[in-house]
Amino acid sequence: GMQAADAEDVTQDILFAVARAADRFEPDATRARFRTWLCRIARNLIADFFAGRAKRPLSQALSDSWLQALCESSSDGDQFDSAFGLEHRRAVFELAARHVRQRVSEASWLAFYQTAVKHQPAEQVATQLQQALGSVYVARCRVLKMLRAEVQALEQFDVQPENKS
């Protein structure tokens, strides 16, 4: 929701802050996940950015999107954290999907994508792809299973980053 240059500046500030604080982060599943720690740093720096924006002209302040409202709407950051959580889940899914897509045939991927993501009827997809209906169901099931495993592996990385390279 920011202008591109502002988003790049804030991203750079976040990366610098993470680099400065990384040696103090100790993975501990009982206290906080890496994602939670990173989200807190990002949240604070984004809130600082918008606080600075409040002192700028109204025309610029109006261009600040939903993120400003999110920062202001919840003192404990629940909405903000859930928005980051949603974005994190989307990013994990997209990464998992790229990994899985490289490991399956194009026909299997299309059968999965069209039935599970685009919600097209399996019969229609089978006709379009010139596959047996059973093959479409099997492909969707296999790809979903692979995606679940990939997402789980990526989430495991998030909990204990030092265990994966």
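In case you missed it, the structure is sitting above this.
Residues numbered from 1 in each chain as written. Predicted model: local features only at pLDDT ≥ 70, side-chain atom pairs only at ≥ 80, totals over all residues. Heavy atoms only, no water.

Caption draft 1: The arrangement of helix 6 (residues 106-117) in detail. Taking 1.5 Å per residue, 12 residues should reach 16 Å; helix 6 reaches 15 Å between its end C-alpha atoms and fits that length. Restricting attention to buried positions, one finds in helix 6 the residues Trp109, Ala111, Phe112, Gln114 and Thr115. Backbone geometry just after helix 6 places His119 at a positive phi near 60°. (Helix = DSSP H or I, 4+ residues; strand = E, 2+ residues; numbered from the N terminus. Expected span 1.5 Å × (residues − 1). Buried < 20%, exposed > 50% of the residue type's maximum accessible area, 1.4 Å probe, protein only.)

Caption draft 2: Highlighting unusual backbone geometry. Its identity as a non-glycine residue notwithstanding, His119 has a phi of 60°, on the positive side. By the secondary structure assignment, His119 is in the loop between helix 6 and helix 7 (122-129). With relative accessibility at 63%, the residue His119 sits in the exposed group. Here the phi dihedral of Gln130 falls at roughly 55°; this positive angle occurs in a residue that is not glycine. When you line up the elements, Gln130 lands in the loop between helix 7 and helix 8 (133-159). We classify Gln130 as exposed; its relative accessible area is 73%.

Caption draft 3: Here's a closer look at the packing of aromatic side chains. Taken as a whole, this structure holds two aromatic pairs when the rule is applied. The interplanar angle of 55° and the centroid separation of 5.1 Å between the aromatic rings of Trp109 and Phe112 together place this pair among those described as tilted. Placement of both Trp109 and Phe112 in helix 6 is noted, with a separation of three residues, approximately one turn of the helix. Taking 6.5 Å as the distance between ring centres and 25° as the angle between the ring planes, the aromatic pair formed by Trp109 and Tyr113 counts as stacked. You can see Trp109 and its partner Tyr113 sitting in helix 6, four residues apart, about one turn around the helix. (Phe/Tyr/Trp six-rings, centres within 6.5 Å; stacked < 30°, edge-to-face > 60°.)

Caption draft 4: Focus on the pattern of salt bridges. Taken as a whole, this structure holds two salt bridges when the rule is applied. In this structure, Glu106 engages Arg101 in a salt bridge whose closest nitrogen and oxygen atoms are separated by 3.1 Å. On the basis of relative accessible area, Glu106 is assigned to the partly exposed category, the value being 44%. Salt-bridge contacts for Arg103 lead to Glu150; the nearest nitrogen and oxygen are separated by 3.3 Å. Of this pair, Arg103 sits in helix 5 (residues 78-103) while Glu150 sits in helix 8, and the two are 47 residues apart along the sequence. For Glu150, a relative accessible area of 14% gives the class buried. (Salt bridge = Lys/Arg side-chain N within 4 Å of Asp/Glu carboxyl O.)

Caption draft 5: A look at the nonpolar core. By size, the foremost hydrophobic cluster in this structure holds 13 residues, and its most contacted members are Met2, Val10, Ile14, Trp37 and Ile46. Looking at this core, the element that brings in the most residues is helix 2 (residues 34-53), giving six residues. Of all hydrophobic cores here, the second largest spans 10 residues; its members include Ala96, Val104, Leu147 and Leu154. (Core = buried A, V, L, I, M, F, W, Y, C linked by side-chain atoms within 4.5 Å.)

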